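# Residue-level structural notes
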Amino acid sequence: MNYLFYYVVFAGIWALGNGILHDIFVLVQKRPYDKELIRLLMDGHILIFAGIVYLLCSKGVKNNEPLAFQVAIAMAVFLLGYCALIFKMLPSVGTILVNAAAFIWLLMQYPRH
């Protein structure tokens, strides 16, 4: 059984769900339309985008397609870097752990043809 497939789906749902929740909580605050609102919404949209990319990669990971692994690894690195950038404001330990595990597992299972 290919548990990595399920983990990539989980990482995708995790990022997508956190991004949607982030944007909802930002919009509920009814902030004025300014640079800060746009920045906060971009944070949520980064997570939404990452979640969608993970979900798109999941079938390729299941089928051992190298490109899907490469894109998923790149997304894990991107999200780890994003978490490092915002760590002082928001220490998102859960997201760091999910993406670190995805990165390591994807590297370990990378198809070698």
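Being a predicted model, the structure only gives us computed values, none of them experimental.

A word on the overall build of the protein. Looking only at helices and strands, one finds four helices and zero strands in the protein. Expressed as lengths along the three principal axes of its C-alpha atoms, the size of the protein is roughly 55 × 25 × 20 Å. Going through the 113 residues of the protein one by one, you find that 36% of them count as buried. Put simply, the protein shows about 7,100 Å² of open surface, and 73% of that area lies on carbon and sulfur atoms. When the 8 positive and 5 negative side-chain charges of the protein are each reduced to one mean point, those points stand 5 Å apart.

Our next topic: helix α2 (residues 35–62). Between the first and last C-alpha of α2 there are 41 Å, a value that for 28 residues agrees with the 40 Å anticipated at 1.5 Å per step. At L56, α2 shows its maximal kink, close to 25 degrees.

Within the largest apolar cluster, 24 residues are counted, with the highest numbers of intra-cluster contacts made by Y54, V61, L79 and L106. Mapped by element, the contributors of at least two residues to this core are α1 (3–28), α2, α3 (66–86) and α4 (93–109). Broken down by element, the residue count for this core peaks at 10 residues, all from α3.

What follows deals with the pattern of salt bridges. Under the definition given, this model contains two salt bridges. Among the salt bridges present, the one from R39 reaches E36, with a minimum N-O distance of 3.0 Å. One end of the pair is R39 and the other is E36, both in helix α2 and three residues apart, which spans about a single turn. When its relative accessible area of 32% is taken as the criterion, R39 is described as partly exposed.

Conventions we followed
- Residues numbered from 1 in each chain as written.
- Predicted model: local features only at pLDDT ≥ 70, side-chain atom pairs only at ≥ 80, totals over all residues.
- Heavy atoms only, no water.
- Helix = DSSP H or I, 4+ residues; strand = E, 2+ residues; numbered from the N terminus.
- Buried < 20%, exposed > 50% of the residue type's maximum accessible area, 1.4 Å probe, protein only.
- Areas by Shrake-Rupley, 256 points an atom, 1.4 Å probe, with all protein chains shown as cover.
- Lys, Arg positive; Asp, Glu negative; His and termini not counted.
- Charge placed at Lys NZ, Arg CZ, Asp CG, Glu CD.
- Expected span 1.5 Å × (residues − 1).
- Bend = angle between axes of the 7 residues up to and from the residue.
- Core = buried A, V, L, I, M, F, W, Y, C linked by side-chain atoms within 4.5 Å.
- Salt bridge = Lys/Arg side-chain N within 4 Å of Asp/Glu carboxyl O.

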